[in-house]
Amino acid sequence: MAESLISKPIPDSKYFFDRYISPNKRYAAEAMRPRIVDFELTSKCGGACTYCYASSPYFKGADMPTEQALALVDDLAETGVSQVQWCGGDPILHPDWQQIIGYAGEKGLSNSVFVAGIVAKRVAQALAETPNIHLVGINFDTVDADDFMQTHTLERVQGMKLKAFENLREAGFHPSRIMPCLTLTKPAARSIERTLDFLVDEMGAGYVPMFVYHPIGEGGATELTPSLDDIRRAYAYRAEKLGQHWLRVGPTECGRFYCRSKFHVTWDGRVLPCAVLYDFEVGNVNQTPLKEILASRSKQLCYDFEVTGECATCDDADVCWGCRANAYFYKGDVSASDPMCWRNAEDLDLHAMHDSPICQSPQARAAAAEEAALLVEQQAE
């Protein structure tokens, strides 16, 4: 089953857009019952990215114990979660990744595996043989070697990422099921047109998710933040390549319903509404069973509040509500309008915001974290 699935082409990028705003996602978001999880198996990674939000050590770090991961898979299946996005770190650096992800597939969960891009032939074959894997995502920011080295520490990693595409195709993955995932930094924006041409036209990507850089974790260099013109140009060019419908969700990337029906579990057990919103932790599976956390804190995980400002009145508010992480990191308010969206007409001075994003000032970061904790508790009442 896995082999026939991974070899089957995905029709076009509209397939992903439609899934983001599907009736099932709408229902889960409105009912505040998360159905998708980002699951970290390890903190280890070989991507050598200087902007890593997870601060993953280069091929070092710690793993979630295998028995705990298997037990969490049982909890996910029992609570109605249907889709797992394995991330990290790099999930394939966990010594028992195939056993864990394979077990999730056997339990009926749909699996997507997001890797740093170092995929040897034997690993590609193992991915192809693992039950119920729908696609493999590869972190890939730019084709330009100079721009690549502005955000990475090892030049050879870029070539290894290119080799990963080849190895996955040889293992049986259709090109449309190999998903390049791009972090949009200022260096990546410089070559974005060439990068998208390469990924779509030469590598056959059916969809290229783009995530605006967040200054968190290893990513403390605010000079990496793209300008609004960079962001506008990048998303407009992708729309030319993959369809104008993508402009409807702006830099949120996944839309409001997908965003509000997903949660994140870190390798050390923290449960968050989003991979980068560490200040909004609602529990830890090392202290509280996941089933209990989902039963008592699902509203916090699904953002039990409404956005304000331009995002609330935007013509596309029926499918988008701006990126909550962008609002939090660049404005200090998780419910504010997305300051990284080109459709936001609130006269924002992005360069002024760069002077003191909350993650750069210890005082501002502490104050924002305190406000986030208060919001979490208010939503629990």
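Here the residue numbering is sequential within each chain, running from 1 through the sequence in written order. Two thresholds apply to this predicted model, a pLDDT of at least 70 for residue-level local features and 80 or more for giving and counting side-chain atom pairs, whereas whole-chain, interface and lining totals are computed over all residues. Excluded from the side-chain calculations are hydrogens and water; all other atoms, namely the structure's heavy atoms, are used.

This paragraph deals with the environment of R169. Each helix is a run of H or I in the DSSP string that is no shorter than four residues. Each strand is a run of E no shorter than two, and both are numbered from the N terminus. Assignment of secondary structure puts R169 in helix 8 (residues 156-170). Along the chain, R169 and Q125 lie 44 residues apart, while their C-alpha atoms are 9.8 Å from each other.

What follows is about the pairing of strand 5 (residues 178-184). Throughout, exposure labels follow a simple rule: accessible area from a 1.4 Å probe, protein chains only, divided by the maximum for the residue type, with under 20% read as buried, over 50% as exposed, and the rest as partly exposed. Across the seven residues that make up strand 5, a large majority, seven, are buried. The alternating pattern of strand 5 places I178, P180, L182 and L184 and M179, C181 and T183 on opposite faces, both of which are buried. Sheet topology places strand 4 (residues 133-139) next to strand 5; four bridges connect them, and they run parallel. In the sheet register, V136 faces strand 5, and the bridge partner there is I178. In short, DSSP must find at least two bridges between two strands for them to pair. The pairing of strand 5 with strand 6 (residues 210-212) spans three bridges and is classified as parallel. Directly across from L182, in strand 6, lies its bridge partner M210.

The next subject is empty space enclosed by the protein. Whether a set of points on the 1 Å grid over the protein atoms alone is a cavity depends on a 1.4 Å probe fitting there but being unable to get out, while an open set qualifies as a pocket with protein on both sides within 12 Å along at least five of seven lines; lining residues are those with an atom within 4 Å of a point. Grid points are joined across faces, edges and corners, and a volume is the space filled by probe spheres set on the points. Here the structure, examined in full by the defined rule, presents two cavities of 30 Å³ or more. Estimates place the volume of the largest cavity at around 130 Å³. For the largest cavity, the lining is made up of 15 residues, of which C311, C314, C320, C341 and R343 are closest to its centre. Gly counts as polar in this scheme, as do all residues outside two lists: the nonpolar Ala, Val, Leu, Ile, Met, Phe, Trp, Tyr, Cys and Pro, and the charged Asp, Glu, Lys and Arg. Of the residues in the lining of the largest cavity, the class split is seven nonpolar, three polar and five charged.

Moving on to the pairing of strand 2 (residues 83-87). The element strand 2 is extensively covered by neighbouring structure, given that five of its five residues are classed as buried. Neither face of strand 2 is exposed, since Q83, Q85 and C87 on one face and V84 and W86 on the opposite face are all buried. By convention, orient the strands away from the viewer: a clockwise path from the first strand over the helix to the second makes the crossover right-handed. Note on the crossover from strand 1 (residues 36-40) through helix 4 (residues 66-78) to strand 2: the handedness is right-handed. As paired elements, strand 2 and strand 3 (residues 110-115) share four bridges and run parallel to each other. Of the residues in strand 3, the one forming a bridge with Q85 is S112.

By definition here, a salt bridge exists when the distance from a side-chain nitrogen of Lys or Arg to a carboxyl oxygen of Asp or Glu is within 4 Å. Per the counting criterion, the structure on display carries 22 salt bridges. Residue K121 is joined to E170 by a salt bridge in which the shortest nitrogen-to-oxygen separation is 3.8 Å. Within this pair, whereas K121 is found in helix 6 (residues 121-129), its partner E170 is found in helix 8, the two being separated by 49 residues in sequence. Across the salt bridge formed by E306 and R256, the nearest N and O atoms sit 3.8 Å from each other. Taken together, the positions of E306 in the loop between helix 13 (290-301) and helix 14 (310-313) and R256 in helix 12 (residues 255-259) put the pair 50 residues apart, joining distant regions of the chain. In this structure R256 comes out as buried when scored by relative accessible area, which is 14%. Several salt bridges share partner residues, and in doing so they unite K186, E193, D230 and R233 into one network.

Turning our attention to the side chain of T183. Mapped onto the secondary structure, T183 falls in strand 5. Judged by relative accessible area, which is 15%, T183 ranks as buried. It only takes one pair of heavy atoms within 4.5 Å for two residues to be counted as in contact. Once residues within four sequence positions are removed from consideration, T183 is found in contact with Y51, N139, D141, A188, F211 and Y213.

With that settled, consider helix 13. Residue pairs three or four apart in sequence face the same way in an α-helix, which turns once every 3.6 residues. Given the number of residues in a helix, its expected span is that number minus one, multiplied by 1.5 Å. With twelve residues, helix 13 extends only 12 Å from end C-alpha to end C-alpha; this falls clearly short of the ideal 16 Å at 1.5 Å per step. Residues of helix 13 that are buried: L290, I293, L294, R297, S298, Q300 and L301. End-on view of helix 13: buried residues confined to an arc of 165°, all on one side of the axis. Looking one or two residues beyond helix 13, the residue adopting positive phi is Y303, at roughly 60°. In this description, the arc belongs to the directions extending from the helix axis to the C-beta atoms.

On to the environment of I92, then. One can find I92 in the loop between strand 2 and helix 5 (97-106). Along the chain, I92 and A126 lie 34 residues apart, while their C-alpha atoms are 10.0 Å from each other.

Two elements in contact, helix 6 and helix 8, have axes whose closest approach is 8 Å; the angle formed by their N-to-C orientations is 45°. What the angle tells us is that helix 6 and helix 8 run oblique. Here helix 6 runs over helix 8; the crossing is right-handed. Contacts from K121, A124 and L127 of helix 6 reach helix 8 at N167, L168 and E170. Of the residues contributing to the contact of helix 6 with helix 8, the split by class is three nonpolar, one polar and two charged. Helix axes are fitted to C-alpha atoms over the stretch in contact, other axes to C-alpha atoms as well, and angles between N-to-C directions run from 0 to 180 degrees. By the definition adopted for this analysis, an angle is roughly parallel if under 35 degrees, roughly antiparallel if over 145, roughly perpendicular if from 65 to 115, and oblique otherwise. In this scheme, a crossing is called left-handed if the near helix is turned counterclockwise away from the far one by less than a right angle; it is called right-handed if the turn is clockwise.

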